[in-house]
Every structure is written in C-alpha cells, then in structure tokens.
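Chain and residue survey
Each chain is listed here by its residues.
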Amino acid sequence: MSIARKLDVVIFGATGFTGKYTILEGVKILAGLRWGVAGRSRPKLEATLAEIGQKAGQDLSQTPIVLAELDNERSLVQMASECRVVVNCCGPYRLYGEPVLKACLEAGTHHVDVSGEPQFLEGMQLKYHEQAKEKGVYLISACGFDSIPADMGTVFLEQQFGEGVVNSVESYISSKVTGRRELGGIHYGTWASAVHAIANMREVGQIRRELFRTKLPEVEPKLKERPALHKSSGGKWSLPFMGADRSCVMRTQRFFYETEGKRPLQMRAYISFSGLVEVFAISFIGAIFWLLVKTTTGQNLLLNHPRLFSLGLVSHEGPSDEAAKNTHFAMHFEGRGWEEKLASPEEKYPYPPNKVIRTKVTGTNPGYGATCVALLLSARTILQEADKMPGSGGFLTPGAAFAKTNLIPELCKNGFTFEVVSKAKL
C-alpha cells in the first residue's frame, strides 16, 4: 500500500525511556527519511530533542513535532494521518496500545511496536487482523527484544538448514555484563508490562480458542519440555523463558502453514544463567512476583515498590548509558530435523531426525538499544521492502512479515550478529 504523507515515520511516546533511545538510534537509521516525534507536551518533546541531539552530536531542533494524546482519539488519528508508519513506544501496551492501533487502521497507516505481552499480541490479532488486511495496513508487534531475536533467529535457522525440514527448535537466551555491574538496570516500564501481562494470563486461553480455531497438524517426534531447572548444551543452568518468544514463533509457524503449506516446527524457549546463585536469586524474585501478582493488592505492591520486590533490579531511571553499553546478549538455537522433505506437512517421517543445526544471535543493550534498532529497522523495512512482505497487510509477527526481506542483513549492519555455529548429521 503506497501512502503519500508529510512524514515517513513518527515516533509516538518519544519522551519516555524507550522513546528517547528510539530517537537516538533513529538519527542514524532514519537518515534520509522524513521523520518526526509525537506526544502530548510540546515543551517535553522539545526538551527531549535537545537532550538526544546533544548525545548524538546533531541539531534536532527542526525535527517535526506532532501533538497527540491517548485519551484524544481525534489527535491520534491526525498523528497517524501525517505519516506512513507509526513507531509506537508507549507501553504498557495492554493499557495504552489499542487506541494507537485503531487510529492507524482508521488513517491507513502502518504500525510497529515493542510489545512483549501475549494477551495484547494475540488479542489484537484476533480483533484487527482481517481489518488490517482489508485496508492494506501492516500492524506488526513484538519488534524489539521480544521477539526479533527469537522469531527472526528461527527464520534464520530454517533458512540455513538447507533443503530439508526442521522439526524442532530450542532457544537459550543469556546475557553478560562487562565492567562494573549496576542495580536498577531494568526500567520500570518493562516491570509494569510484566505485571499487567502475567496478572491477566488467564485471558490468553480464551483468546487462543477464538484465534486458532483450526488445529495445526500433529508433528512427530514431539519436542518435550525440559525440566524446570536443567543445564543447556553449553553447560549453563537454565529455566523456562516466560516471555512472548514462543508465542511469537508459533504464530509465525501457523502463518506459514496456513499461507504456504509449510510444515510447522515446534519450539521451546529457555533462559540461561551464569551460575546457581543467580538462578536461585531470580527464582526467589519470581516466586514473590507470582505470589503477589494474583491479587489486586499484590499487583499494586509490585507496581508501587518495584525496587523492593525486584531486589534492586528495577528502577524508574533504568540503566545508565555505560551499563547499557556493557550489557550483551546471546541467543543460542538448536534445530533438529531431516535432510529430506516430504510431499505434505501432514505426512510423518518413518525415522527420527537425522540432521542438527546450531545457530546464534548476539547483540548489545538488549532491553533498550537493540530493541530500538530492531524496531526502527522494522519500520524502515515496511517503507522500503513492502513488495517482499506477505499479502497486502494484516496483524503479523516479525517472522511472518519480514522473512523474505533484508531485515536480517540490516540488523547485522546495526549491531546484531546472526551466525551458524555448526551443522551435523545425526
């Protein structure tokens, strides 16, 4: 869908923590495009542009400003009408995401965000996918750390596997900090999103029953979930990863099955730690979190006292620039499958998988820097490679939207690495 607008991109929620990082990365990634910022307060937006301009060593004072408020539907539609893609940095998306999506649909404007909340992701797909297809609009969520590394990493693994078929993928995410560790490295917005998402997890089952009325074909051998605490193939203690990665990857697989007849792979996601002390500390925080998040009173305690209940990991300030630059992530994948391809995705192999591939995605500052890079590159890809994207629009995962584009090479030019570690016959 070709849209003639004043601007190519508008960054909404630009004065927030993620919004500021997005502007900083946008100075480079959006160079050559017409972009602006949006929010409810012109003085705050001007102050943010001055602050980020100083960091970037560039005068941003002439950057277009659009005024829009979440509780003013007309202002949101006007904002969306002035650009081709809205980059939505205003979370938690469960609370604030839908009005922006609706405005983009009304204005015929594409939309990307960094939501990692399964209820929002799947609920909005249920409500708006068909409308977005009819209007030729791409609504693409989870374009940040949840879940570009996992979703595009799985796409990459399948691309590198060769002519055969991948049956199962396991992912292990880990991070490390070089230099001095700081407390408060998780921003409050991330914590608040997790509180709202987990507090309302019971909604996901009903949403999925309505969204996925047709079952995927049974694939074998089944990928069994590993014990709650186990060692990865790299020897690190690991736990199940509770984020949106698996949800996102499986929605991508369903999309490929329904649109291309591709045999869907199975996926499990885990998180690895440096040692048992870290595992027990995170497990303790998690146990308190799960206990409190079940009640309204507990949720208010978590939201009002994040530093206390996270043992200092969460703050309203977020990580310092130095701490962010010193934080690195790696996501390791192991895919198993067959060298040979069957005629139909419903057919079953008479013998076990005979090929394994191991791949890796790495980057820096996963929660904010890498997230904003991936978010902006997603927006840029819509503008520049819509002809390589599926259909004419829809509410899509990154993997479904960008599998046939150059998003992975562009990510690799901007701080990410996607690499094959090994391939072997089993």
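First, a word on what this report is: a plain description of the structure on this page.

Moving on, we come to the overall build of the chain. Each helix and strand in the chain was counted, giving 16 helices and 16 strands. Computed over C-alpha atoms, the radius of gyration of the chain comes to 21 Å, within 12% of the 22 Å expected from 2.2 N^0.38 for 426 residues, which places it in the range of a compact globule. Once the C-alpha set of the chain is aligned to its principal axes, its extents read approximately 65 × 50 × 40 Å. Counting across all 426 residues of the chain, residues that qualify as buried make up 55%.

Before going further, it helps to examine the sheet that holds strand β1 (residues 7-12). Taken in spatial order, the seven strands line up as β3-β2-β1-β4-β5-β6-β15 in an open sheet, and their pairing is parallel. This sheet does not close on itself; its edge strands, each paired only once, are β3 (65-67) and β15 (394-396). Strand-to-strand twist in this sheet, taken as the mean axis angle between neighbours without regard to direction, amounts to 20°. Pairing between strand β5 (residues 110-113) and strand β6 (residues 138-140): two bridges, direction parallel. Following the sheet pairing, H111 is matched in β6 by L139. Each of β5, β6 and β15 touches helix α5 (residues 118-135); the most contacted strand, β15, lies at about 150° to it.

A contiguous nonpolar patch, built from L183, I186, I282 and L313 and spanning about 320 Å² of accessible area, is present on the exposed surface. In this fold, L313 is placed in the loop between α12 (306-309) and β12 (314-315). By relative accessible area, L313 is classed as partly exposed at 32%.

Our focus in this paragraph is the packing of helix α7 (residues 188-199) against helix α11 (residues 296-304). Where α7 contacts α11, the axes come no closer than 10 Å and their chain directions differ by 170°. As far as their axial angle goes, α11 and α7 are roughly antiparallel. When α7 is examined against α11, the residues Y188, W191, A192, V195, H196 and A199 are found in contact with a partner set consisting of Q299, L302 and L303. For the contact of α7 with α11, a count of residues per class yields seven nonpolar, two polar and no charged.

Along the chain, S75 falls in helix α3 (residues 73-81). Judged by its relative accessible area of 13%, S75 is buried.

Right, let's get into the pattern of salt bridges. Taken as a whole, this structure holds 20 salt bridges when the rule is applied. In this structure, the salt-bridge partner of R254 is E258, at a minimum N-O distance of 3.3 Å. With R254 and E258 both in helix α9 (residues 245-260) and four residues apart, the pair spans about one turn of that helix. A single salt-bridge network, built from bridges that share partners, covers D8, R34 and R84.

Calculation notes
- Residues numbered from 1 in each chain as written.
- Predicted model: local features only at pLDDT ≥ 70, side-chain atom pairs only at ≥ 80, totals over all residues.
- Heavy atoms only, no water.
- Helix = DSSP H or I, 4+ residues; strand = E, 2+ residues; numbered from the N terminus.
- Rg over C-alpha atoms; globule rule 2.2 N^0.38 Å.
- Buried < 20%, exposed > 50% of the residue type's maximum accessible area, 1.4 Å probe, protein only.
- Pairing = 2+ DSSP bridges.
- Axes fitted to C-alpha atoms, helices over the stretch in contact; angles between N-to-C directions.
- Contact = heavy atoms within 4.5 Å.
- Patch = residues over 30% accessible without salt bridge, like charges linked within 9 Å, V, L, I, M, F, W, Y side chains within 5 Å.
- Areas by Shrake-Rupley, 256 points an atom, 1.4 Å probe, with all protein chains shown as cover.
- Salt bridge = Lys/Arg side-chain N within 4 Å of Asp/Glu carboxyl O.
- Parallel < 35°, antiparallel > 145°, perpendicular 65-115°, else oblique.
- Nonpolar A, V, L, I, M, F, W, Y, C, P; charged D, E, K, R; others polar.

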